Amino acid sequence: KRQIPCAFIVGREGIVEWIGHPAGIDQPLKKIVDGSWDRQAAIDELKQQAMFEQYAQKMNGKLRCGNFDAALSLLDEMEKSSGGKSMPLLNNRLMILMMAERAEEASKVRSELIELAWDDASVLNGVAWETATTENPTDLELALKAAKRASEIREGKDVAILDTLARCHYELGQLDKAIEVQQKAVDLGGNMPEITEALKRYKEEKAAADSN
C-alpha cells in the first residue's frame, strides 16, 4: 500500500529507482544524481519494510493482549529473517521491554541501540530523551552519553538535542550544567515556550537549592 501523495524517481537507465512520499525524496534523489545510489540495497530495504509491516500487525495484537513474550518472539523471528539486529527492531524491543517493566533487559538493549546508532543523531536523541523523561528514570549516564554524542554530531546547534542534553544533566542532579546547556538551547531556539519554561524551572530549582 502506497502513501498519498506518492512520488517516484526514474534513473538514467529508465528504471524506477525509488517510490515514496515526496517528503523523503531528497536523499535518494541526491544519490541517484551523483551515482552513489545502491539499487539492490534499496530493494532489500523495501522488502524489509514490507516484512516489518506484516509482522507489526501481528505484534500489535500481542501487545494489546499484554502478551509481551509473544511480541518479543516475533521480533526474534524478524531479526532472523532480516539477517540480524537493526535500529528499528532494537527500538521496538526496547519499547516492549519498557512496557513489560523489564528494566534490566531494557538497559542491555538500550546500550546496544546506542552503539548501533552511534552516528545517527536523531536516534541517539530519541533514546536519550525517552530514557531521561520516563517515570523513575534509570540508565541516566547512558542517556547522557547518547545526548552528548548526538549534540557532537550536530555541532551543538540543534535545539531539540540541547534540550535533551540539558534534561539528562538535570535528572542527574547537575543543575549548573543543565542551566548552561538549556541557555544555549534558548539562545538558538528563540521563543520556543517549552525550551524557555525548562530553563526557568532549572533556574528556580537552583535558586531554591542555593538558599537552603
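Preceding this section is the structure that the text describes.
Summary of the structure given here. (Residues numbered from 1 in each chain as written. Predicted model: local features only at pLDDT ≥ 70, side-chain atom pairs only at ≥ 80, totals over all residues. Heavy atoms only, no water.)

Re the overall build of the protein chain
From N to C terminus, the protein chain includes 10 helices and two strands. Helices and strands in the protein chain line up, N terminus first, as β-β-α-α-α-α-α-α-α-α-α-α. Along the longest, intermediate and shortest principal axes, the C-alpha atoms of the protein chain span 70 × 45 × 30 Å. Taking all 212 residues of the protein chain together, 36% fall into the buried category. Of the contacts made within the protein chain by residues no fewer than 6 positions apart, 44% connect residues no fewer than 24 positions apart. For the protein chain, the exposed area adds up to about 12,900 Å²; of that, 51% sits on carbon and sulfur atoms. (Helix = DSSP H or I, 4+ residues; strand = E, 2+ residues; numbered from the N terminus. Buried < 20%, exposed > 50% of the residue type's maximum accessible area, 1.4 Å probe, protein only. Contact = heavy atoms within 4.5 Å. Areas by Shrake-Rupley, 256 points an atom, 1.4 Å probe, with all protein chains shown as cover.)

Side note on unusual backbone geometry
The general pattern is negative phi for most residues beyond glycine and trans for most peptide bonds. Positive phi, normally seen in glycine, also occurs at Asn136, with a value near 50°. Looking at where Asn136 falls in the secondary structure, it is placed in the loop between α6 (121-133) and α7 (140-153). With a phi angle near 60°, Glu155 is a residue other than glycine that sits in the positive phi range. Since its relative accessible area comes to 60%, Glu155 is described here as exposed.

Notes on the side chain of Thr164
Here Thr164 is to be found in helix α8 (residues 159-171). A polar contact is formed between the side chain of Thr164 and the side chain of Asn125, at a distance of 2.7 Å. Beyond its immediate sequence surroundings of up to four residues, Thr164 is in contact with Asn125, Ala128, Trp129 and Ala147. (Polar contact = N/O pair within 3.5 Å; in protein donor to acceptor, adjacent residues only side chain to side chain.)

Quick word on the pattern of salt bridges
Going through the model one piece at a time under the given rule, you end up with 18 salt bridges. Between Glu105 and Arg102 there is a salt bridge, with the nearest N and O atoms lying 2.9 Å from each other. (Salt bridge = Lys/Arg side-chain N within 4 Å of Asp/Glu carboxyl O.)

Quick notes on the packing of aromatic side chains
Within the structure shown, the criterion is met by one aromatic pair. Geometrically, the ring pair formed by Tyr170 and Tyr202 is stacked, given 4.7 Å between the ring centres and 25° between the ring planes. Of the two residues, Tyr170 sits in helix α8 while Tyr202 sits in helix α10 (residues 193-211), which places them 32 residues apart along the sequence. Look at Tyr170 and you get buried, because its relative accessible area is 18%. Looking at Tyr202, the relative accessible area reads 1%, which means it is buried. The cationic tip of Arg167 hangs over the ring face of Trp129; the distance from NZ or CZ to the ring centre is 5.6 Å. Over the face of the ring belonging to Tyr170 we find Arg201, whose NZ or CZ atom lies 5.7 Å from the ring centre. (Phe/Tyr/Trp six-rings, centres within 6.5 Å; stacked < 30°, edge-to-face > 60°. Lys NZ or Arg CZ within 6 Å of the ring centre and 35° of its normal.)

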